[in-house]
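Each chain is listed here by its residues.
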Amino acid sequence: MQNGFVESFNGRLHDECLNECLFTNLNEARQIIEDWRIDYNTNRPHTSLNGLTPTEFATRVQHIAADAVSEEERGRRLWRIILELYQAVN
């Protein structure tokens with residue numbers, strides 16, 4: 001296994017989208033896969049993000065970083081978030 005996150009994503013994409021749909025043309029395939037991707041990134045909580053959706057995680061990180069007074073403080077806050085996520089997953 002090269003990367004656990006990529007392998008997990010590929011498995012979900014195949015199981016939940018590609019194996020469930022019969023595409024009649026390329027445009028239909030693109031639309032169905034795009035709809036699945038949007039759902040995956042906006043509506044589903046991810047254990048690797050401590051139960052947040054990727055959209056919620058990105059919003060939270062942006063707000064925390066934006067509230068920082070200095071570049072140094074912003075870096076500290078972002079590293080704190082990364083550490084908390086790492087500890088929650090492991």
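Residues numbered from 1 in each chain as written. Predicted model: local features only at pLDDT ≥ 70, side-chain atom pairs only at ≥ 80, totals over all residues. Heavy atoms only, no water.

Caption draft 1: Seen up close, the packing of helix α1 (residues 4-18) against helix α2 (residues 26-42). With their axes 11 Å apart at the nearest point, α1 and α2 run at an angle of 125° to one another. With respect to each other, α1 and α2 are oriented oblique. For the pair α1 and α2, the sense of crossing is right-handed. Contact residues: Phe9, Arg12, Leu13, Glu16, Cys17 and Leu18 in α1; Ile32, Ile33, Trp36 and Tyr40 in α2. Partitioning the contact of α1 with α2 into residue classes produces eight nonpolar, no polar and two charged. (Axes fitted to C-alpha atoms, helices over the stretch in contact; angles between N-to-C directions. Helix = DSSP H or I, 4+ residues; strand = E, 2+ residues; numbered from the N terminus. Parallel < 35°, antiparallel > 145°, perpendicular 65-115°, else oblique. Left-handed = near helix turned anticlockwise from the far one by under 90°. Contact = heavy atoms within 4.5 Å. Nonpolar A, V, L, I, M, F, W, Y, C, P; charged D, E, K, R; others polar.)

Caption draft 2: Region of interest: the environment of Phe9. On the secondary structure map, Phe9 appears in helix α1. Residue classification places Phe9 among the partly exposed positions, given a relative accessible area of 29%. Distance in space between the C-alpha atoms of Phe9 and Tyr40 is 9.7 Å, their sequence separation being 31 residues. (Buried < 20%, exposed > 50% of the residue type's maximum accessible area, 1.4 Å probe, protein only.)

Caption draft 3: View of the packing of aromatic side chains. Under the definition given, this model contains three aromatic pairs. Taking 5.2 Å as the distance between ring centres and 70° as the angle between the ring planes, the aromatic pair formed by Phe9 and Tyr40 counts as edge-to-face. Of this pair, Phe9 sits in helix α1 while Tyr40 sits in helix α2, and the two are 31 residues apart along the sequence. Judged by its relative accessible area of 10%, Tyr40 falls in the buried class. In this structure an aromatic cluster arises from ring pairing among Phe9, Trp36 and Tyr40. (Phe/Tyr/Trp six-rings, centres within 6.5 Å; stacked < 30°, edge-to-face > 60°.)

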